[in-house]
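# Descriptive analysis of the structure
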Amino acid sequence: MALNTLDFVKGIEDQAIFNHSLRSYLYGRLLGERQGLLPDRDYDDELLFLGCLLHDVGLTHEGNRDCCFHLDGADLAVDFLTEQGVSPERAEVVWDAVALHLHHEIAVRKRPEIALVSTGAGFDLGFEGRPALPADYTDDVHAVLPRLHAAAVVHDTIVGQALDKPQKAPPFTPPGELVRQKTHEVWPTWEQLVTHPSGWNDYDGYRPKT
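Let me begin by describing the structure that accompanies this report. No experiment lies behind these values; they were computed from the predicted model shown.

### Points about the layout of surface pockets
- What the largest pocket holds in volume is close to 400 Å³.
- At the level of elements, helix 6 (104-107), helix 7 (112-124), helix 9 (150-164) and helix 10 (174-183) are the ones that each hand at least two residues to the lining of the largest pocket.
- Ranked by the residues each element gives to the lining of the largest pocket, the list is headed by helix 9, at 4 residues.
- The class makeup of the residues in the lining of the largest pocket is 11 nonpolar, 7 polar and 3 charged.

### Brief notes about the packing of aromatic side chains
- Following the criterion strictly, the structure yields 6 aromatic pairs and no others.
- Geometrically, the ring pair formed by Y27 and F123 is edge-to-face, given 4.9 Å between the ring centres and 70° between the ring planes. Note that Y27 is positioned in helix 2 (residues 15-34) and F123 in helix 7, a separation of 96 residues in sequence.
- On the basis of relative accessible area, Y27 is assigned to the buried category, the value being 1%.
- Judged by its relative accessible area of 16%, F123 falls in the buried class.
- Between F172 and W187, the ring centres sit 4.7 Å apart and the planes meet at 65°, which makes this aromatic pair edge-to-face.

### Brief notes about the nonpolar core
- L48, L54, L81 and V94 are the most contacted members of the largest nonpolar core, which has 33 residues in total.
- If you list the elements that add at least two residues to this core, you get helix 1 (2-12), helix 2, helix 3 (45-54), helix 4 (69-83), helix 5 (88-100) and helix 7.
- The contact partners of L48, leaving out residues within four places of it in the chain, are Y25, R29, Y43, E113, L116 and V117.
- Formed by 6 residues, the second largest nonpolar core is a distinct cluster that contains Y27, L30, L133 and V141.

Parameters at a glance
- Residues numbered from 1 in each chain as written.
- Predicted model: local features only at pLDDT ≥ 70, side-chain atom pairs only at ≥ 80, totals over all residues.
- Heavy atoms only, no water.
- 1 Å grid on protein atoms, 1.4 Å probe; cavity = no way out; pocket = protein on both sides within 12 Å on 5 of 7 lines; lining within 4 Å.
- Points joined across faces, edges and corners; volume = space filled by probe spheres on them.
- Helix = DSSP H or I, 4+ residues; strand = E, 2+ residues; numbered from the N terminus.
- Nonpolar A, V, L, I, M, F, W, Y, C, P; charged D, E, K, R; others polar.
- Phe/Tyr/Trp six-rings, centres within 6.5 Å; stacked < 30°, edge-to-face > 60°.
- Buried < 20%, exposed > 50% of the residue type's maximum accessible area, 1.4 Å probe, protein only.
- Core = buried A, V, L, I, M, F, W, Y, C linked by side-chain atoms within 4.5 Å.
- Contact = heavy atoms within 4.5 Å.

The analysis is restricted to geometry; functional conclusions fall outside its scope.
Okay, here's the thing in structure tokens:
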């Protein structure tokens, strides 16, 4: 299963994103150990590997459907795993890991296979607030899996998909924010979002408390 998934992802992903996905597993696994979480004792190591490897398949031609890339990727991941004979229960864990990996504050409250996908992916992209790992370890990982400008490639792929299909980047979502930064589009306010012809007119006559 692991090798089949490796071949599948390598065949459809940009090399920079593929390397990022593998590094996410290596970093997520080690960061889990730093938390006292051991593979196949505290979590299912195969599910963590599958979640990390598949977490960005929404950024491929095959995964570019009509929702935010992390949801499209989750759907493609389950389609692939189901074809491989993975049980619905196990496939659902991977769906959650892929769908939630952008929402770290939610993912870390879920089971380790889900939490560590988000943790590993975030660490690899260099987000602030992630714990440090030994430099010799990260140097070794980068020697085998070169970065190839991973964060920039991920960003440009998300934005490129969304500019082609605006429904993939709704306001106030991570993809939507990246598109806003790129285009300088002005987002609607909360009041504008809920005040429309089919709304409930909650602002009619409303006076905020002082």
